[in-house]
Structures are given as C-alpha cells and as structure tokens.
Amino acid sequence: MLKMEAIGINLGLPPGWEAEVDSGGGAAEEGATTVRTPRVHLGNFALPPNRGDFGSGAVERMVSGDVLICLLEESPEVIGTGLYQAGSMPTISAKDFAPEGMQRPIRGQSGAQKFFHLNGRAFALYIVMGSHISRASFIPEINEVLNAIELT
Amino acid sequence: MTVVVWLLVAVVAMLTTLVVGLLRSHAVIVRALHDAGINLDPDKSPGVQAAPVDLTEKPFINLDRQQPSAGMRPTTEVFTDSHPDIKTIDGVPGPANATRGRASDLVGTSPTGGSRAISVHGNGATLIAFLTTGCATCAGFWNAFTDGVKLPANTRLVIVTKGGNEESPADVAAMAPPGVVTISSSQAWDDYQIPVAPYFVLVDGKRGTIAGEGAASSWGLVSELLERALADAGYSEGQVRRRDLLRGRNRADRVDQELLDAGITPGDPRLYHEPASLDS
C-alpha cells in the first residue's frame, strides 16, 4: 500500500490507485483550475492534471470500473451544523450512489455525497462511480481507501 | 565388524569429498559474482552496482531489447513475466537483482504545491520523462510537451523533475505543460537510478515492469522507438493479443477506447439510442 501525507491527511493507496492532496489557495499553473480549499482527490485511474474540486476534468474521462473520491475540507465553523453532524469517516454502501448524486449528471455514472467532521476538521466527501450498474463490486475497495485515511 | 568399519570410513571419505567440492563450487560462484560487480554483503547496498554509462556517446533512446547499444543502461527481462516475487524477513535484504526491471509508483510534489502519488500500474503504459529545468536538451522536450505530442493509445506521459532542494519549484511550475502530469520527486530519480537528463523510462503497467529506458535528443526519436516497444508489449493501437481476445480480457476497456477514438464519451446521447429497426 502506497503511503503519502500532506496537510495533516495521511493516505494509504491500494495498488493502481493514485492521489493528490492540495492545500488550497496556491497559485495554479496557466489553464489549471485554482484550488480554493484544501482537497484530496483519489482515483483508481490516471488522474488528469487539471481538475475541479468536484472532479470536473476527470469525470468526463471516467469509464466503467473507474472510481473518483473527492474529499473537500470546509471551515470548522460548520462542524455540528446542518449536514456536518456525523463525527466519523463515513462507510459507503451501494445504495448511497445515485445518478442524481452527481454534481453534474453524466449518463451511466453515479455519485454519492457524505458530510462529516473528524478531529476538529469538517469535510465533504464526494464519490463518483464510472459505471452505476457495476458500483457494487467497488464498494469494498472504496471503503478500504476511506478507512486508510487518517486526519490529524 | 571390520567390514562395517571400512564401510563407515568410505562413507566419511565420500562425504568429506562432497563437502569440499561444494565449498569450492561456492567459492567459485562468489568470486564470479564479485567479478560481475555484485556484492553479496548485506551490510552494503545497493547490491547491484549500476553499469557505468558513457555519457560521451551521442544521446539516444533504445527501447528495443534486441538491440542494446552503448550509452544505454540495459534492462533485463523486459517484456517477460519472469520476475520472481522474492520476499525476505525484516532486516534481510532481498537478492541483489530482485528489483531490477520493477517499476515503482511515483510520489512527489505537483506544480501547484500539492502532494501527488501516481500509479504506474494498470492496464496502460506510462512514459516517464525525467527532465530538468536547466538543460538545453530538456528545453526541447518541455516545448514539445507544451505544444502537445501524440502518444500511442493506452499510454500516458508523466514528467518528473528533481525535488525542491535541487530544482526551483517556481521554474517547474512555469515550465510544466498544462495538460501533462508533472511532479517533482528526487526519490523517483533515485528509485529509477536516472543517470542523465533528459531520460525516459517506459513502464509496462500490466506487468509492473520497466519495458525500456534510455536517453534521447528529440521527441521524434523517442516517439519512433516508443511505438516499437509498445507494439512488442502488446499496446499497439488496434492490436489485441490473441489470448486476451479469446478470454474476453479487457473487453470493456477496448470498447471504451474504441468509443473514445470515435469521439463518443461517457454520457453521449448516441449511446442511448433505440436500436434501429430492421424493418425500417
């Protein structure tokens, strides 16, 4: 399992997965999408260099078998309010995915959204499945990736 | 009784001869390995001393294992599945050549300052371009990648510069082509034992091995030899290995690739048409 760490976020990546942790607010190269808030992107496919917070630029290239996980940090002020009630890393199931769960609907794909806080940090979790029909077979691997995330 | 004693003496003499023979054989092997530059001392690493590279030779790339040439660091067992998965207990180094030809995933810093992990394992191939921001030959590659280069199907390009202690992050950010994944990682240069820049490593993602490597002076030369190496590895455009075809392996990937080549991306409404009626 490949390990990486940045801005207090530790990741463990299964074979074939890759990731980028961006602290947000940094200068972006020309043509790149500026990262406004700290974010983590994990995928079991080749992540393109320029992506929006919710994976635009990557989701359009996703095919059956591809999974994209976006972890977006929010202000700690939201902890305990509205959607940010859960105090642990979410566990995902197949029923969490729906085509309507996509930030921008793409036929055949589906998305899941969860919100949580951990160690004083609030996050929005957004997962895109390249193929809604075959989503069930990827749930164990997604949860393995999520369980390997440590927030300090 | 006398017969038994003589028999025992004979057996002891045979065993002694056998042990002496084994020790001599072992000594010959150790001497031969030493002469070949392989150090078996576990306290000294790396076990394999890299072959010296003659940098005075004209830079070139040779991804064809059939034609190794001077100036190219040879990779062994390319395009084969023969790499043994040898594991040792903690504290005991693996056999000297256990990692030769094995590809390592890349971890480094992105031009925007983020941390980036890149997997070179998967269904496709990865061409890793080890570049610096200062060398004149590298400048040609930075420009070519910024203008856009045509890569073979199922192949992606990753640029790797040295880390922040050896390269200016601002220079890397300024030169990084917008559409190409670029990271800074001195660790990657060490992992792949890069002798010179520019230097290219082609990773066969299916096998997780290095399919070829070498230096080159222009993208045209890299591209030409890349196509040949990929064809040998079964990555050529439209080429499907017979075994994969018969077993239906990677069928979904092939269909997706053919649709992408035809300009049909996920969500394209043409994918959801009702099939045309034969009667109409």
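All values reported here derive from a predicted model rather than from experimental measurement.

Conventions used here
Residues numbered from 1 in each chain as written. Chains lettered and ligands numbered in written order. Predicted model: local features only at pLDDT ≥ 70, side-chain atom pairs only at ≥ 80, totals over all residues. Heavy atoms only, no water. Helix = DSSP H or I, 4+ residues; strand = E, 2+ residues; numbered from the N terminus. Buried < 20%, exposed > 50% of the residue type's maximum accessible area, 1.4 Å probe, protein only. Contact = heavy atoms within 4.5 Å. Buried area = accessible area lost by both parts, 1.4 Å probe. Salt bridge = Lys/Arg side-chain N within 4 Å of Asp/Glu carboxyl O. Polar contact = N/O pair within 3.5 Å; in protein donor to acceptor, adjacent residues only side chain to side chain. Nonpolar A, V, L, I, M, F, W, Y, C, P; charged D, E, K, R; others polar. Pairing = 2+ DSSP bridges. pLDDT = per-residue confidence, 0-100. Patch = residues over 30% accessible without salt bridge, like charges linked within 9 Å, V, L, I, M, F, W, Y side chains within 5 Å. Areas by Shrake-Rupley, 256 points an atom, 1.4 Å probe, with all protein chains shown as cover.

A.B. asks: Teacher, can you tell me more about the overall build of chain B here?
C.D. replies: In terms of regular secondary structure, chain B is built from seven helices and seven strands. Along its sequence from the N terminus, chain B presents helices and strands in the succession α-β-β-β-α-β-α-β-α-β-β-α-α-α. Taking all 280 residues of chain B together, 36% fall into the buried category. Long-range pairs, those at least 24 residues apart, make up 64% of the contacts in chain B between residues at least 6 apart in sequence.

A.B. asks: What exactly am I supposed to notice about the interface of chain B and chain A here?
C.D. replies: Each partner contributes to the interface: chain B provides 25 residues, whereas chain A provides 30 residues. Broken down residue by residue, the surface that chain B buries against chain A is led by Thr112, Ser115 and Pro266 of chain B, which jointly contribute 26%. At the boundary of chain B and chain A, one finds three salt bridges. A salt bridge links Arg116 of chain B to Glu18 of chain A; the shortest N-O distance between them is 3.1 Å. The interface formed by chain B and chain A includes ten residue pairs in polar contact (both at pLDDT 80 or more). Top contributing element to the side of chain B that touches chain A by residue count: strand E2 (residues 115-118) of chain B, with four residues. Across the side of chain B that touches chain A, the residue classes tally to twelve nonpolar, nine polar and four charged. Sheet analysis places strand E3 (residues 18-22) of chain A next to E2 of chain B, joined by three bridges and oriented antiparallel. Note that in E2 of chain B the partner of Val21 of chain A across the bridge is Ser115 of chain B.

A.B. asks: Explanation requested: the confidence of the model for chain A in the structure shown.
C.D. replies: Close reading of the predicted structure is inappropriate where its pLDDT is low. Averaged over all residues, the pLDDT of chain A equals 88, while 92% of them reach at least 70. Considering only residues more than four positions removed or in separate chains, one finds that residues 26-32 of chain A, a stretch of pLDDT under 50, has 16 contacts.

A.B. asks: Any chance you could explain a nonpolar patch on the surface here in plain terms?
C.D. replies: Residue and element names in this part refer to chain B. Taken together, the side chains of Met1, Val5, Trp6 and Val9 present a nonpolar region at the surface, about 490 Å² in accessible area. Looking at the secondary structure, you find Met1 in the segment before helix H1 (2-35). Take Met1: its relative accessible area is 78%, and that puts it in the exposed class.

A.B. asks: Looking at this model, I keep getting lost on the side chain of Thr126 of chain B. Mind explaining?
C.D. replies: With respect to the element layout, Thr126 of chain B can be found in strand E3 (residues 125-130). Residues in contact with Thr126 of chain B, not counting those within four places in the same chain, are Val120, Arg156, Val158, Val201, Leu202 and Val203 of chain B.

A.B. asks: I tried to follow the pairing of strand E7 (residues 209-215) of chain B on my own but got confused; where do I start?
C.D. replies: Where a strand is regular, its side chains alternate between the two sheet faces. Residue and element names in this part refer to chain B. Burial analysis of E7 places seven of its seven residues in the buried class, which makes it a mostly covered element. Bridge count for strand E6 (residues 199-204) against E7 is six bridges, and the pairing is antiparallel. Paired with Val203 across the strands is Ile210, a residue of E7. With antiparallel pairing between neighbouring strands as the criterion, E6 and E7 make up a hairpin whose turn holds four residues, including Gly208 at a positive phi of roughly 70°.

A.B. asks: I would appreciate a short explanation of the pairing of strand E4 (residues 39-43) of chain A in the present structure.
C.D. replies: All names here are of chain A. Along E4, five of the five residues are buried, which leaves the element largely enclosed by surrounding structure. Burial along E4 is two-sided: the face carrying Arg39, His41 and Gly43 and the face carrying Val40 and Leu42 are both buried. Bridge count for E3 against E4 is five bridges, and the pairing is antiparallel. Note that in E4 the partner of Val21 across the bridge is Val40. Summarising the sheet, E4 and strand E5 (residues 67-74) pair through five bridges and their orientation is antiparallel. Looking across to E5, one finds that Val40 is bridged to Leu71.

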